[in-house]
Structures are given as C-alpha cells and as structure tokens.
Amino acid sequence: MKKIFLVAIAGGYLGAAFAHGEGMSAKKEVRPLSAREFSFGREGDAKKATRIVSVGMADSMRFTPSSLTVKRGETIKFVVRNNGKVKHEMVIGTMKDLKEHAEMMKKHPGMEHDDPYMAHVAPGRTETIIWQFTREGTYYYGCLEPGHFETGMIGKVEVVK
Ligand SMILES: [Cu+2]
C-alpha cells in the first residue's frame, strides 16, 4: 500500500511540475521504493526519471561533471561509471552529511552500507542511483573512500524552482 501511495504522490507532483502525461505502468519493482525523505530528496522511481546524467569517476579524484542544476521535483537517473583503477563511490547529501560520513569512514574503513542515495562502483563498472530532488537548495555528491573527499572528489547539485 505504501508503495502505491508514494508512486501516486510522485506522479502527481511531477505531473504538476512538468505537465508530464505519462501513464503509470504496472511493471514489477525489484524492491519497493524507500519511503524515507531526506533534506536532499528521496529515492526516485526509475519509471519517473526525467533525465539521465552520466557521471564519470577518475583516480584524479574528480567527478565529471562536477556540478549540475536540477529542477525541484525532478527525478534523475545517475549512471555512474568508474573510469579509474581504484574503487570509488558516489554519495548524495548535504555538505554536513558528507563530512560526517567521511569522518565515519576514516574511523571504520571498509565499512559498507547500502542506501538509495549512494553507489559503490568497482573499477571499470557502472552503477545507477535514481534520486528525486524534492527541495530547493545546494547539495553535494562525494566519494567517501578514505582520502578522496578531502582531495576534492566532490560535486555540487543546485536544485532550483
Ligand atoms: Cu573516490
């Protein structure tokens, strides 16, 4: 029931924002969408993605692109590719979230969690994050592998009206 409710809300919201006339498909999800709402948004429904953003990760500790602008309410499908030889990750959040998370990773290296706002990407691999940015503001994506964030492996998302 929860899932149906969420999809209905997201559909209505996007519909209002973009006058998007897509019908709802009854395709089965692998797992239900997380209902958790964060200041930087919530897990998006792949079927509602309005844009695909390819993000490259490099051992020079950079994301490409390193910034993007998103409309409030937009659901983005991030296709995240690791072009390097070491593991990288993309974690979306506020600057505060990312700093706290980076500190935690230093204390507990090797700790892995799996939340909808992050992707761990092995060298040469591609992962995806589907994310809906529900509030205006400035948010970030960082690689929290020890040392990477500190070296500048960070990108910025401006969510605008
Ligand atoms: Cu990295």
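Below: a short report on this structure. None of the values given here were measured: they were computed from a predicted structure.

### Some words on the sheet that holds strand 3 (residues 51-58)
- What the six strands build is an open sheet, ordered 1-2-9-6-3-4; its pairing is mixed. In this open sheet, the two edge strands, each paired with only one partner strand, are strand 1 (37-38) and strand 4 (62-64).
- Where strand 3 and strand 4 come together, three bridges link them in antiparallel fashion. What sits directly across from G56, in strand 4, is T64.

### Focus: the pattern of salt bridges
- Applying the stated criterion to the full structure yields nine salt bridges.
- Residue R51 is joined to E74 by a salt bridge in which the shortest nitrogen-to-oxygen separation is 3.3 Å. Of this pair, R51 sits in strand 3 while E74 is found in the loop between strand 5 (67-71) and strand 6 (75-82), placing the two residues 23 residues apart along the sequence.
- Linking K106 and E103 is a salt bridge whose minimum nitrogen-to-oxygen distance equals 3.2 Å. Placement of both K106 and E103 in helix 2 (residues 95-107) is noted, with a separation of three residues, approximately one turn of the helix.
- A residue is classified by how much of its surface remains accessible, and K106, at 45% relative accessible area, is partly exposed.
- Via salt bridges that share partners, E103, K106 and E150 belong to a single interconnected network.

### Comments concerning the sheet that holds strand 8 (residues 118-121)
- Pairing in this open sheet of five strands is mixed, and the strands run 5-11-10-7-8 from one edge to the other. Here the strands that pair on one side only, and so sit at the sheet edges, are strand 5 and strand 8. Taking each pair of neighbouring strands and ignoring which way they run, the sheet shows an average axis angle of 20°.
- One ladder, built from three bridges, connects strand 7 (residues 88-93) with strand 10 (residues 137-142); its direction is antiparallel. What sits directly across from I92, in strand 10, is Y141.
- Of the strands in this sheet, strand 7, strand 8, strand 10 and strand 11 (154-160) are in contact with helix 2, which crosses strand 7 at around 140°.

About the cut-offs
- Residues numbered from 1 in each chain as written.
- Predicted model: local features only at pLDDT ≥ 70, side-chain atom pairs only at ≥ 80, totals over all residues.
- Heavy atoms only, no water.
- Pairing = 2+ DSSP bridges.
- Helix = DSSP H or I, 4+ residues; strand = E, 2+ residues; numbered from the N terminus.
- Salt bridge = Lys/Arg side-chain N within 4 Å of Asp/Glu carboxyl O.
- Buried < 20%, exposed > 50% of the residue type's maximum accessible area, 1.4 Å probe, protein only.
- Axes fitted to C-alpha atoms, helices over the stretch in contact; angles between N-to-C directions.
- Contact = heavy atoms within 4.5 Å.

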